[in-house]
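Summary of the model geometry
Spelled out, the chains give:
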Amino acid sequence: MSKKLNSKAAGIVGIAVACSRVLGLVREMVLSRLFGADALMDAFVTAFRAPNLLRDLFAEGALSTAFITVFSQKIATEGEDSAWKLASKMATLTIVFMSFVTLLGVLFAPQLIDILAAGFDPGKAELTILLTRVMFPFILLVSLAALAMGMLNARNVFGMPAMASSFFNLGSIIGGVGLAYWFDPAFGPRSLIGLSIGVLIGGLLQLVVQFPSLRKVGFRFRADFRWRDRGIVQIITLMIPAVIAASAVQVNVMVNNSFASRLGDGAIAALSYAFRLMQLPLGMFGVAVATITLPVVARLATDSDLNPFSETLAKGMRLAFLLTVPSTIGLCMLAQPIISLIFQGGQFDHAAVVRTASALQYYALGLVAYSGIKVIVPAFYAVNRRNLPMIISFVSIATNYGLNQLFTFHLGFGVKGLALSTSLVAVGNFLALYFLMRRHTGHLHTGALIGTLLKLLIASLPLAAICYGANHWFFADLSAMRYMQKLILVCSTIGLGVASFFGVVLLLKIEEVEEVMRLVKRKLGRA
């Protein structure tokens, strides 16, 4: 098994995740034009958030991280047969446990919505409860999909697991919109039931498209209820603090949603659209780098010498920063043109553009920190320091609540105040986690990291100048622009800005860029 972090794997995952994020944006574009950013979308977003909270809690966070760590170590120490037996036991346990969680979610949906959306009126709350009950089985499907992704990532198969979420988006777009039209051609409240069923169709596709790859790497599922196994105990032991830590994050999400529900119709939808757009670079870059870093650091953590572990982790963070710093500049400065291009039309008017863009600008401030967190948190589980992210997450609950109160109500920032508090909490979390990991490893190549950040900021200056000029000369009156004119100008500005950024980056000789360029040259040479 390779113990090296390579940019090729990150590129594969980045491309696959980019496809997923683009399809996710297509899905949001369709929804924005059909439903706008009003009460109906508030209900759908909140209902989908309910099982999504548990997905982040159990599936794509704690479960996949803990499983990859133990599974990778088991392959290294006991061989593949033992690892595959562990995978069957964990899959059986996941099916049983998540089915029980789904049942609880359906039964207690009213109580959950009371927490998530305290500001909803009775009619809006009733619709949200119905949609929640329809979508709750999604948690079972996505948990199994995350487990499959963990198996494949541990076997150095990254492309198909990263592409799987693209099939979720395809299923939810085609199946969801088709069923929505069948339920209500006018796309009123009843159509949201069809849209919710589409979420389940997408979740099922996300799972089953990974089956051929699982079979190819050697997995054969056999129901196994012998859960008193050392590997299962290790996974659960790793998961418990991860679940507790993630629960703190989910508390923050619930608090933010509750605050937004008191800001009038459309506030929750605006935050959702903005966060979805912010997740595009986060998924393409931060998650991609984290995905290929975790199996490597999990294997390196078994060595007594932590220098390779520290070097790999530091390189992962530098690579994530390289790709998210220009994204932050672009999203902050071009928020309105981008939101107008992607979402405006149909039921999504100019007021919704302004509101969503302001949220996006403040979310983007935390993008670099988010990418760093994605890379560094799994490393704590690899070195058996799993309690530290949990402690940091709990501190963030009080911080997030206090900042929400300050920005949203006392200072009157409204929706953008919620986004700003989220970003500030992310920055604080990353800095705390970084210094705790640095203390454990002895060093994290801090000088190289700071040097890379300074070079990236210098490289961002021409990018920022191009964005400023475009806003001043081209995007002063977005409402008067035709769609194709807007598309050409936004794409040209982004293209020119990216070219200027990476041109300066090459001149500054940043190590990670040079490695990517060497990879491209090798590929061209072979061609």
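The rules behind the values
Residues numbered from 1 in each chain as written. Predicted model: local features only at pLDDT ≥ 70, side-chain atom pairs only at ≥ 80, totals over all residues. Heavy atoms only, no water. Helix = DSSP H or I, 4+ residues; strand = E, 2+ residues; numbered from the N terminus. Buried < 20%, exposed > 50% of the residue type's maximum accessible area, 1.4 Å probe, protein only. Contact = heavy atoms within 4.5 Å. Expected span 1.5 Å × (residues − 1). 1 Å grid on protein atoms, 1.4 Å probe; cavity = no way out; pocket = protein on both sides within 12 Å on 5 of 7 lines; lining within 4 Å. Points joined across faces, edges and corners; volume = space filled by probe spheres on them. Nonpolar A, V, L, I, M, F, W, Y, C, P; charged D, E, K, R; others polar. Axes fitted to C-alpha atoms, helices over the stretch in contact; angles between N-to-C directions. Parallel < 35°, antiparallel > 145°, perpendicular 65-115°, else oblique. Left-handed = near helix turned anticlockwise from the far one by under 90°. Salt bridge = Lys/Arg side-chain N within 4 Å of Asp/Glu carboxyl O. Bend = angle between axes of the 7 residues up to and from the residue. Core = buried A, V, L, I, M, F, W, Y, C linked by side-chain atoms within 4.5 Å. pLDDT = per-residue confidence, 0-100. Phe/Tyr/Trp six-rings, centres within 6.5 Å; stacked < 30°, edge-to-face > 60°. Lys NZ or Arg CZ within 6 Å of the ring centre and 35° of its normal. Patch = residues over 30% accessible without salt bridge, like charges linked within 9 Å, V, L, I, M, F, W, Y side chains within 5 Å. Areas by Shrake-Rupley, 256 points an atom, 1.4 Å probe, with all protein chains shown as cover.

**As for the overall build of the chain**
When you go through the chain residue by residue, the secondary structure sums to 20 helices and zero strands. In the chain, buried positions account for 56% of the 527 residues. Residue pairs at least 24 apart in sequence account for 85% of intrachain contacts in the chain once pairs closer than 6 positions are excluded.

**Digging into helix H17 (residues 415–441)**
Spanning 27 residues, H17 covers 40 Å between terminal C-alpha atoms, matching the ideal 39 Å at 1.5 Å per step. In the segment just after H17, Gly 442 is the residue with positive phi, at about 95°.

**Quick notes on the layout of surface pockets**
When its volume is computed, the second largest pocket comes out at roughly 320 Å³. Taken together, 15 residues make up the lining of the second largest pocket; nearest its centre are Val 368, Ala 369, Val 427, Phe 430 and Leu 453. Looking at the lining of the second largest pocket, the elements with two or more residues in it are helix H12 (307–333), helix H15 (367–382), H17 and helix H18 (446–473). Across the lining of the second largest pocket, the residue classes break down as 12 nonpolar, three polar and no charged.

**Some words on the packing of H18 against helix H19 (residues 483–507)**
Relative orientation of the contacting elements H18 and H19 amounts to 160°, with a least axis distance of 8 Å. Taken together, the axis directions place H18 and H19 in an arrangement best described as roughly antiparallel. Of the two elements, H18 crosses H19, and the hand of that crossing is right-handed. Contacts from Leu 456, Ala 459, Ser 460, Pro 462, Leu 463, Ile 466, Cys 467 and Ala 470 in H18 reach Thr 493, Leu 496, Gly 497, Val 498, Ser 500, Phe 501, Val 504 and Val 505 in H19. Of the residues assigned to the contact of H18 with H19, the class counts are 12 nonpolar, four polar and no charged.

**Remarks on the pattern of salt bridges**
All chains considered together, the criterion is met by seven salt bridges. Residues Asp 265 and Lys 124 are paired through a salt bridge, measuring 2.8 Å at the closest nitrogen-oxygen approach. Of this pair, Asp 265 sits in the loop between helix H10 (230–260) and helix H11 (267–300) while Lys 124 sits in helix H5 (residues 122–135), and the two are 141 residues apart along the sequence. A relative accessible area of 9% means that Lys 124 is categorised as buried. Bridged by salt links that share partners, the residues Arg 27, Glu 28 and Arg 276 form one connected network.

**Let's talk about H12**
Given a rise of 1.5 Å per residue, 27 residues ought to cover 39 Å, and the 39 Å separating the end C-alpha atoms of H12 matches this to within 8%. Along its length, H12 shows its largest kink, about 25°, at Thr 324, and proline Pro 326 lies within four residues downstream of that point.

**What about the side chain of Ser 500?**
Within the secondary structure layout, Ser 500 lies in helix H19. Ser 500 sits in the buried class, given a relative accessible area of 18%. Ignoring sequence-local partners within four residues, the contact set of Ser 500 consists of Pro 462, Leu 463 and Ile 466.

**What about the packing of H12 against H19?**
Axis separation between H12 and H19 bottoms out at 11 Å; the angle between their running directions is 140°. Relative to H19, the crossing made by H12 is right-handed. Taken together, the residues of H19 that come into contact with H12 (itself represented by Leu 322, Leu 323 and Pro 326) are Phe 501, Phe 502 and Val 505. Of the residues in the contact of H12 with H19, the class split is six nonpolar, no polar and no charged.

**Observations regarding the environment of Leu 496**
Mapped onto the fold, Leu 496 is located in helix H19. For Leu 496, a relative accessible area of 52% translates into the label exposed. A sequence separation of 33 residues divides Leu 496 from Leu 463, and the C-alpha atoms of the two residues are 8.0 Å apart.

**So, the nonpolar core**
Core analysis: the largest hydrophobic core is formed by 138 residues, its most contacted members being Phe 44, Met 90, Leu 313, Met 317, Ile 376 and Met 437. Looking at this core, the element that brings in the most residues is helix H2 (residues 39–78), giving 15 residues. If we skip the residues at most four places from it in the chain, Phe 44 touches Arg 27, Leu 31, Leu 131, Met 135, Leu 192, Leu 195, Ser 196 and Val 199.

**Structural notes on the confidence of the model for the chain**
Keep in mind that low pLDDT regions are not for reading the predicted coordinates in detail. Scored by pLDDT, the chain has a mean of 83; 87% of the residues are at 70 or more. Ignoring residues within four places in sequence, the model shows residues 1–6, a span with pLDDT below 50, making 21 contacts including any to other chains.

**A short note on the packing of aromatic side chains**
Inspection of every chain in the model, using the stated rule, returns 24 aromatic pairs. On the numbers, 5.8 Å between centres and 45° between planes, the contact of Trp 84 with Phe 219 is tilted. Here the residue Trp 84 occupies a position in helix H3 (residues 80–107), and Phe 219 occupies one in the loop between helix H9 (211–217) and H10, the gap between them amounting to 135 residues. For the pair formed by Trp 84 and Phe 219, the shared burial category is buried. A network of ring pairs unites the aromatic residues Phe 44, Phe 48, Phe 138 and Phe 168 as a single cluster. Lying across the ring of Phe 259, Arg 262 places its NZ or CZ 5.8 Å from the centre.

**Topic: the environment of Ile 268**
By the secondary structure assignment, Ile 268 is in helix H11. Separated by 10 residues in sequence, Ile 268 and Ser 258 have C-alpha atoms that sit 9.1 Å apart. Those residues in contact with Ile 268, other than ones at most four positions away along the chain, are Asp 42, Val 45, Thr 46, Arg 49, Phe 120, Asn 257, Ala 260 and Ser 261.

**Some words on a nonpolar patch on the surface**
A cluster of nonpolar side chains, Phe 100, Leu 103, Leu 104, Leu 107 and Phe 108, forms an exposed patch at the surface whose accessible area comes to about 490 Å². By the secondary structure assignment, Phe 100 is in helix H3. For Phe 100, a relative accessible area of 48% gives the class partly exposed.

**A few points about unusual backbone geometry**
Phi is positive for Phe 187, close to 55°, though the residue is something other than glycine. Along the chain, Phe 187 falls in the loop between helix H7 (159–183) and helix H8 (191–208).

**Digging into the environment of Gly 150**
On the secondary structure map, Gly 150 appears in helix H6 (residues 138–154). Since its relative accessible area comes to 0%, Gly 150 is described here as buried. Expressed as a C-alpha distance, the spacing of Gly 150 and Ser 72, which sit 78 residues apart in the sequence, is 9.5 Å. Excluding residues within four positions of it along the chain, Gly 150 makes contact with Phe 67 and Ile 68.

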